[in-house]
Amino acid sequence: MISARAGRAGADFRPARPPLRRRRTGPSKVLLFLAATGMLFVAFPVVFLIVELLGQPDGAAWNALQRPRTWELVRSTLVLVAAVTAGTLAVGIPTAFLLARTTLAIRSFWMVATTLPLAIPSYVAGFAWVSFTPLRGFWGSFLVLFLVSVPYVTMPVTAALRRVDRDAESVARTLGAGPLRAFCSTTLPQIAPAAGAGALLVALYTLSDFGVVAIMRYPALTWAVQTAFSGTFNRALAIVFSLLIVALALLIVLAERAVRRRAVVYDKVRAIDDGGRWRLALPGQIAAGTGLAVVFSAAVGVPVVVLVDRILRSVADWDLEVGRLAQAAGATVAFGLAGAFLATLVALPVSILAARHRARSVSVLETGTYLGHGLPGIVLGLSMVYLVLTLAPAFYQSIGVLILAYGILFVPKASGSVRSAIMQVPRNLEDAARTSGYSAWRTALTVTLPLAWPGIAAGAMLVALTVMKELPATLMLRPIGTDTLATRLWQLTDISAYGAAAPYAILLILVGSGPVLLLAWVPGNRRPTAAGAA
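Thresholds applied
- Residues numbered from 1 in each chain as written.
- Predicted model: local features only at pLDDT ≥ 70, side-chain atom pairs only at ≥ 80, totals over all residues.
- Heavy atoms only, no water.
- Helix = DSSP H or I, 4+ residues; strand = E, 2+ residues; numbered from the N terminus.
- Buried < 20%, exposed > 50% of the residue type's maximum accessible area, 1.4 Å probe, protein only.
- Areas by Shrake-Rupley, 256 points an atom, 1.4 Å probe, with all protein chains shown as cover.
- Polar contact = N/O pair within 3.5 Å; in protein donor to acceptor, adjacent residues only side chain to side chain.
- Contact = heavy atoms within 4.5 Å.
- pLDDT = per-residue confidence, 0-100.
- Axes fitted to C-alpha atoms, helices over the stretch in contact; angles between N-to-C directions.
- Left-handed = near helix turned anticlockwise from the far one by under 90°.
- Nonpolar A, V, L, I, M, F, W, Y, C, P; charged D, E, K, R; others polar.

Colleague: Which parts of the structure should I look at to understand the overall build of the chain?
Modeller: The helix and strand inventory of the chain stands at 22 helices and 0 strands. Every one of the 534 residues in the chain was classed for burial, and the buried ones make up 55%. Carbon together with sulfur atoms contributes 68% to the accessible area of the chain, which is approximately 22700 Å² in total.

Next up, the structure:
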């Protein structure tokens, strides 16, 4: 759909918004209740922090806030978050364009290769780069976090590019617009929500990362929280740092929401469209392949080569723990699947509301679900220990409490994908179902969810992958005698047993590759059927 102004000289080719003819209905009370329950579940750690802050001696929190070092940490954290987010957008969007809209050679391989960095835990990549280069500080932290975070932007933007309405771009071209102008004025606004969702995940991930900044010795708030809790035992300082991280997470969420509100929402039915790709000539193929290969080698090749070198040394020294390795792998997979199920279940109500309603109540609920994601794992772990010891001591260090912690931490990872997937389901299909006598629940089960399931599955896989790599909360909350690959890897590296740790790192990458391969497969192999669209 093209604006009528497009026919005039110097026309603006931005697509016109669809006419508002549908009957507006408020959010479902049942969904509001479920979403509010989920938000309270996720917001508990923040409540814990506020209660703890109020219980500190008079003036302790204010003195911590006034320290010049506190604001130096805020500045350095914001610089790192902004740099990593901008870098992933600058590389992720062109990469998605190459995958979705060009005749890139061996595209199926690159679809998988550009997703594989998600399987590399950031602290493993940091360890590899520290072993391989003299990089430290800001540039070391930026490089590692950028490399492991680019897929957060590439995947949703690739999926969005394959579903955008290309008619507007074609009409813009016929009216004289150049390729770049036509793309920027018609396609870019349509993929902005997906890019914003990816950037949001990158920013929150960078904000809450502990392993990389600790390895690189970069002064970020998360590292300062860990030092305050375990080093100086300054609880007031640690709580103030933690609440500052929460405040920054809220600012990031609000910024992403501002971008999303300006996005163009289409009601036109679009299936995945692989036709009409831009033809890349040989120089273009070489340039694109070289660029993708450089990023892949840095993100995946360097960690794998360093770890293989270490594992060969451990085999030569007979330094393998085969039985313990298998037990840790089984626990890693089981915890990942359970955490993914819980996080996706909690994310569904608020994601449906956020995709279909812009009421203030929905906005508050959605913002609340992101609170837990900005918290360092150590803070969440302490809050869960406090809750369990107060209310149900028998469940301390049980699997159930550990899974609950995963749900709190990673609901936002599922929510972004689920919301974007539901936003791309044309609302006129739901309206047609409702006017045909379908109830709201039947419409959701027979129309919305079947069309949105690739995005929902992608969100669940993303959570499973992240749970498998999670470290601080798992270290504090896992049952005694139970190790995951990540915790055992950390224990061994902490005592400088790098050779013994290498098999755990390699197996963690291999186990994490399963969800990554599914993530690469999901967006492109499911097409809405006629029955599903009817």
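Colleague: Whenever I open this one, the side chain of Thr474 confuses me. Can you help?
Modeller: Here Thr474 shows up in helix α19 (residues 472-477). Given a relative accessible area of 0%, Thr474 falls into the buried group. At a separation of 2.8 Å, a polar atom in the side chain of Thr474 contacts the side chain of Tyr406. Those residues in contact with Thr474, other than ones at most four positions away along the chain, are Leu402, Tyr406, Thr484 and Thr487.

Colleague: Which parts of the structure should I look at to understand the confidence of the model for the chain?
Modeller: Where the model shows low pLDDT, its predicted coordinates should not be examined in detail. Of all residues in the chain, 85% have pLDDT values of 70 or greater, and the mean over the chain is 78. Confidence drops under pLDDT 50 across residues 523-534; counting only partners more than four residues distant or on other chains, this segment forms 18 contacts.

Colleague: Honestly, the packing of helix α6 (residues 137-161) against helix α8 (residues 179-208) in this entry has me stumped. Any pointers?
Modeller: In a packed pair of helices, the relevant descriptors are the angle between the two axes and the axis-to-axis distance. Taken N-terminus to C-terminus, the directions of α6 and α8 make an angle of 145 degrees; their axes are 8 Å apart at the nearest point. As α6 packs across α8, the resulting crossing turns out to be right-handed. From α6, Leu145, Val148, Ser149, Tyr152, Val153, Pro156, Val157, Ala160 and Leu161 reach across to α8, where they touch Phe183, Thr187, Ile191, Ala194, Ala195, Gly198, Ala199, Leu201, Val202, Tyr205 and Thr206. Considered class by class, the residues forming the contact of α6 with α8 number 16 nonpolar, 4 polar and no charged.

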